[in-house]
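In case you want the letters, here they are:
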Amino acid sequence: PDAVHVDEKSKDQQLAKDRSEPTGNFLTTDQGIRVEHTDDSLKIGARGPTLLEDFHFREKMTRFDHERIPERVVHARGAGAHGYFQVYESQAKYTRAKFLQDPSKKTPVFVRFSTVAGSRGSADTARDVRGFAVKFYTEEGNWDLVGNNIPVFFIQDGIKFPDIIHAAKPEPHHEIPQAQTAHDSFWDFVSLVPETMHMIMWIMSDRAIPRSFRMMQGFGVHTFRFVDEKNTSRFVKFHWKPLLGTHSLVWDEAQKLAGKDPDFHRRDLYEAIEQGDFPEYELGVQILEEADATKLGVDLLDATKLIPEEVAPVIPVGKLTLDRNPTNFFAETEQVAFCVANIVPGIDFTDDPLMQARLFSYLDTQLTRLGGPNFAEIPINRPLAPVHNHQQDGFHRQTSNVGRANYFPNSLGGGCPFLASQQQGGFVHHPEPVSGKKIRERAASFNDHYSQAALFFRSLSAPEQEHLIDACRFELGKVETKAIQERVLEHFAKIDALLVSAVAEGLGLPAPKATPVTPKGPPASKALS
Ligand code: HEM
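Keep in mind it's a predicted model, so treat the numbers as computed, not measured.

Engineer: So what exactly am I meant to see when it comes to the overall build of the protein here?
Structural biologist: The number of helices and strands found in the protein is 13 helices and 10 strands. Taken over C-alpha atoms, the radius of gyration comes to 26 Å for the protein, in line with the 24 Å a tight globule of 529 residues would show. Overall, the protein is about 80 × 70 × 50 Å in size when its C-alpha atoms are taken along their principal axes. The buried share among the 529 residues of the protein stands at 39%. A sequence separation of at least 24 residues applies to 72% of the contacts in the protein between residues at least 6 apart.

See below:
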């Protein structure tokens, strides 16, 4: 197999080939014809009709007319940065992934941080989940860790994703409001789908209004697999921890900033990197032996649950440093295409039904967003590892396939690449044994929607609990339908007595009788004492 040289500079060198620098050059058309005049269109006389013949005007206007591509269906607003990842020591005991073996190696990365619900022009400081997507350009191909700043998710099965997003986005008849949480449809969905409760606690907490992208954790959310050289598979959860610590805004600041400086987070990231104040994040992993998974008390395939760190501590693995701003926002931050399915040998998927849906959704949406099947050839998406296959043609194809034969196998030569054994870096899916009936059903092990919600609420300090309660009062206070507020309170009653009574009081509603779950863990609530 080809030896692949991957270091921090190699992605920049690859991108440099595609940069166009107009300064110091003649202005030309797209066909390379030098332009003599670009301030007046071609007319019959100075006040006369404009001529269709003016190819320069038509090209300039046509190109302008087609500048926009669809924004992402979720995570439309974001900011990106280049950097590199370095492992502290070889992780061979857990994984065969080559970029996790050698501490002297710097693997180039591109990161995009985002909000979820707002449109491309929305404010950075809205109460929302933040995306934390990392593309590693490894020597074995691209690995994308497409995570969020909250370790759990709203739903357990991806088939509910269109529902939760429709409910969270502006209502279809009038496109208002922009804010994720402050409207009836979002809380209607939440009140009808109790699996959202753990995530609701997180997004009503200060976690959902981060101070800076530089001060935000990241999580892979799902349980993945690490697979070692002997093909032993272990479960793994991925964590990013900012070296600056995790910090939030307070709600009053977030609201004022949304009006005064809607680009607050984007500017902060850009300026920090320009000043040489490079954001750094430590990658950590929670490892769980397959045999221990059943003893956990939570189902590892349920993305609304986390693995307590008392059970599986977070082991530091390496460091991500963001040291370069994109040269062009559109070319890099807008055109980058992350996909959960982009994976390298040594890392693998699990049967988490949320993850399985994501394995389909990202490439599918990018076919539309990036104009057809060839978006992996866009410079920011191109792997540093070589690409040889018989994929061909389609809109915006850049590569010319060489040779007469475009099928595998062939004996006509020229067009027939080799297959790689596992030892040569061929990706072999983990041979998980499975059997069962074909059914649409949720596992009973996914049923407890309140214990970890309660644990999270009780783990907060008194001021943090107050912030959460205030956020619930604010957001639910905007809901016009009383029955929705009442249904949400019924769920809160199963989480914590103080939570439900304080929120009910804020809404001017009677508190339902509290029947909180009693999970093992920190003592009950302490806010507003
Ligand atoms: C973006 C689907 C759950 C993190 C997207 C996009 C889609 C999508 C269609 C737009 C991609 C693009 O246009 O390039 C889904 C589905 C989900 C799901 C169907 C559940 C079944 C999640 C979860 C996380 C997550 C659980 C976090 C672990 C992200 C991030 C982005 C994103 C970070 C933005 C990537 C970027 O910066 O370009 N998702 N998503 N999503 N999703 Fe998800």
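That covers the picture; the talk isn't over yet.
Engineer: Looking at this structure, I do not really get helix H12 (residues 482-493). What am I missing?
Structural biologist: Structural remark: α-helix, 3.6 residues per turn; residues separated by three or four positions point the same way. Between its first and last C-alpha atoms H12 spans 16 Å; for 12 residues at 1.5 Å apiece the expected length is 16 Å, and the two agree. Among the residues of H12, Ile484, Gln485, Val488, Leu489, His491, Phe492 and Ala493 are the ones counted as buried. Contact partners of the buried residues in H12: helix H4 (184-192), helix H5 (197-203), helix H11 (462-477) and helix H13 (497-507).

Engineer: I tried to follow the UniProt feature "active site" (unreviewed entry) in the protein on my own but got confused; where do I start?
Structural biologist: Taken from the UniProt record, the annotation "active site" (unreviewed entry) applies to His75 and Asn148. Considering the C-alpha atoms alone, the annotated residues occupy 74 residues of sequence yet fold into one spot, their largest mutual distance being 10.5 Å. With respect to the helices, strands and loops of the structure, His75 is situated in the loop between helix H2 (55-65) and strand S1 (78-87). A tally of 22 C-beta atoms within 10 Å means that His75 is categorised as buried. Ignoring any residue separated from it by four or fewer positions in sequence, one finds His75 in contact with Ser114, Val116 and Gly131. Here Asn148 falls in the buried class, since 23 other C-beta atoms lie within 10 Å of it. For Asn148, the contacting residues outside a window of four places in its chain are Val129, Arg130, Gly131, Phe132, Phe219 and Val221.

Engineer: Explain the nonpolar core to me, please; I cannot follow it from the model alone.
Structural biologist: Note that soluble globular proteins tend to have their nonpolar side chains buried in a common cluster. Within the largest apolar cluster, 107 residues are counted, with the highest numbers of intra-cluster contacts made by Val109, Met201, Leu499 and Val503. Once residues within four sequence positions are removed from consideration, Met201 is found in contact with Ala453, Phe456, Phe457 and Leu468.

Engineer: Where do I start with the site of the ligand in this structure?
Structural biologist: Taken together, 27 residues are adjacent to the ligand, and His75, Arg112, Gly131, Gly158 and Val221 come closest. Within the residue set of the shell around the ligand, elements represented by two or more residues are strand S2 (107-115), strand S3 (130-138), strand S4 (141-148) and helix H9 (353-369).

Engineer: What is the right way to look at the environment of Phe278 in this model?
Structural biologist: Looking at the element boundaries, Phe278 is found in the loop between helix H7 (264-274) and strand S8 (280-289). Sequence-wise, Phe278 and Leu320 are 42 residues apart; in three dimensions their C-alpha atoms are separated by 9.9 Å. Not counting chain neighbours up to four residues away, the residues in contact with Phe278 comprise Ile273, Thr321, Leu322 and Asp323.

Engineer: What am I meant to see in the pairing of strand S9 (residues 315-324) here?
Structural biologist: Put simply, side chains in a regular strand alternate between the two faces of the sheet. When S1 meets S9, the two strands line up antiparallel, connected through 6 bridges. Its bridge partner being in S9, Tyr84 is matched across the sheet by Thr321. With 6 bridges joining them, S8 and S9 adopt antiparallel strand pairing. When the sheet's bridge partners are listed, Glu282 is paired in S9 with Lys319.

Engineer: Which parts of the structure should I look at to understand the packing of H11 against H13?
Structural biologist: Angle between the axes and distance between the axes are the two parameters that describe a pair of packed helices. Where H11 meets H13, the closest approach of the two axes is 9 Å, and the angle between their N-to-C directions is 40°. The pairing of H11 with H13 is recorded here as oblique in orientation. Crossing of H11 over H13 shows right-handed handedness. Taking contact as the criterion, the partners of Ile469, Cys472, Arg473, Leu476 and Gly477 in H11 are, on H13, Leu499, Ala502, Val503, Gly506 and Leu507. Residues that form the contact of H11 with H13 fall into these classes: 7 nonpolar, 2 polar and 1 charged.

Rules used throughout
Residues numbered from 1 in each chain as written. Predicted model: local features only at pLDDT ≥ 70, side-chain atom pairs only at ≥ 80, totals over all residues. Helix = DSSP H or I, 4+ residues; strand = E, 2+ residues; numbered from the N terminus. Rg over C-alpha atoms; globule rule 2.2 N^0.38 Å. Buried ≥ 20, exposed ≤ 12 C-beta atoms within 10 Å, placed from the backbone. Contact = placed C-beta atoms within 7 Å. Expected span 1.5 Å × (residues − 1). UniProt positions renumbered as here; feature names shortened; annotations may be inferred. Core = buried A, V, L, I, M, F, W, Y, C linked by C-beta atoms within 7 Å. Near = placed C-beta within 6 Å. Pairing = 2+ DSSP bridges. Axes fitted to C-alpha atoms, helices over the stretch in contact; angles between N-to-C directions. Parallel < 35°, antiparallel > 145°, perpendicular 65-115°, else oblique. Left-handed = near helix turned anticlockwise from the far one by under 90°. Nonpolar A, V, L, I, M, F, W, Y, C, P; charged D, E, K, R; others polar.

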